[in-house]
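# Observations on the model geometry
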Amino acid sequence: MESPHNNTSKDPGRRRPWVVGISGASGTPYAASVLRGLLAAGEAVDLIVSRASRLTLLDETGIAFRDAHWRADLREWLARGGDGKPSAFPVTEADLADVRYWPAGDLAAGPSSGSYPVKGMLIVPASTACVAGVALGLSKDLLQRVASVTLKERRRLVVTVRETPLNGPTLKHLVTLDEAGAVVLPASPAFYAGATHIQDLVDFVAGRVLDAAEVPHGLYRRWEGELRGGSKEEEAPDAP
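Heads up: these notes are all about the structure in this document. (Residues numbered from 1 in each chain as written. Predicted model: local features only at pLDDT ≥ 70, side-chain atom pairs only at ≥ 80, totals over all residues. Heavy atoms only, no water.)

Buried residues dominate strand β2 (residues 45–49), accounting for five of its five residues. Side chains of β2 alternate between two faces, with V45, L47 and V49 and D46 and I48 buried alike. Pairing between strand β1 (residues 18–22) and β2: five bridges, direction parallel. Residue pairing in the sheet places V20 in a bridge with L47 of β2. With helix α1 (residues 28–40) bridging β1 and the parallel β2, this β-α-β connection has right-handed handedness. Here three bridges tie β2 to strand β3 (residues 99–101), and the two strands are oriented parallel to one another. Each residue of the ladder has a partner; that of L47, found in β3, is Y101. (Buried < 20%, exposed > 50% of the residue type's maximum accessible area, 1.4 Å probe, protein only. Helix = DSSP H or I, 4+ residues; strand = E, 2+ residues; numbered from the N terminus. Pairing = 2+ DSSP bridges. Right-handed = clockwise from strand over helix to strand, strands pointing away.)

Our next topic: the sheet that holds β2. Taking strand neighbours across the sheet as the criterion, the six strands line up as β3-β2-β1-β4-β5-β6 in an open arrangement whose pairing is parallel. This sheet does not close on itself; its edge strands, each paired only once, are β3 and β6 (183–184). Helix α4 (residues 128–136) rests against β4 (120–126) and β5 (156–161) of the sheet, and its axis sits at about 145° to β4. Relative to β4, helix α5 (residues 142–152) is tilted by about 135°, and along the sheet it contacts β1, β2, β4 and β5. (Contact = heavy atoms within 4.5 Å. Axes fitted to C-alpha atoms, helices over the stretch in contact; angles between N-to-C directions.)

Right, let's get into the layout of surface pockets. Remark: the empty space left among the atoms is shown by a probe the size of a water molecule rolled over them. When its volume is computed, the largest pocket comes out at roughly 170 Å³. Along the walls of the largest pocket sit 13 residues, with S50, A52, K140, D141 and Q144 positioned nearest its centre. (1 Å grid on protein atoms, 1.4 Å probe; cavity = no way out; pocket = protein on both sides within 12 Å on 5 of 7 lines; lining within 4 Å. Points joined across faces, edges and corners; volume = space filled by probe spheres on them.)

The subject of this paragraph is helix α2 (residues 51–61). When we look at burial in α2, the residues that qualify are S53, R54, T56, L57 and T61. End-on, the buried residues of α2 take up no more than an arc of 165°, which puts them together on one face. In α2, the exposed residues that point more than 90 degrees away from the buried face are R51, L55 and D59. Residues of α2 that are buried in the fold lie against β1, α1, β2, α3 (70–78) and β3. Positive phi shows up at G62, right after α2, with a value of about 85°. (Arc of directions from axis to C-beta.)

This is how it looks when you write it as structure tokens:
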């Protein structure tokens, strides 16, 4: 029998979600933007929120993510902008219809098995502790276990590491993940897209994560080989 917190309106035999794992690193707005992008693209999502990430989420947004009320808490979180303002994005119950949530301590969850059909996994953000755990194959919680399964099944794994500076052991762990087939994608926003708001910088990183997953989006302005010479606000045509 399926857990009551894992409702989905689609046939589970045909459903192939992206697993989104959120670790304890700073950068919860990146995760929110990736989740909004996946849902906007019509992708199913399986969500794993680590215990450490709940403290970060509470600190960065004021939202206490609770297992028993995960849907309401997720909706409130996704509605917030990168600057922390509430109700910056419209999020309805229908938008979350194909999201499943798995507690981080549930090592018997569906995605813990390679036979559970998924497209891949996106870890956003990834702490250095998470990076180490995945690189060493520790599987100390569901997030790390699913990452290990993703690698062994040769599925797409995107690791959005968010830390600076990086020490030697972490750099070695990132090389290990790269050699294992993961995409190591630092949370490094660019400025050529004409950012005028913190949300633009957040969306650039989130867009690069979705690019690595080959999920279509319109989160940032792509480079087209031409110098723009200014921000978005300076792109308006001259008045006649």
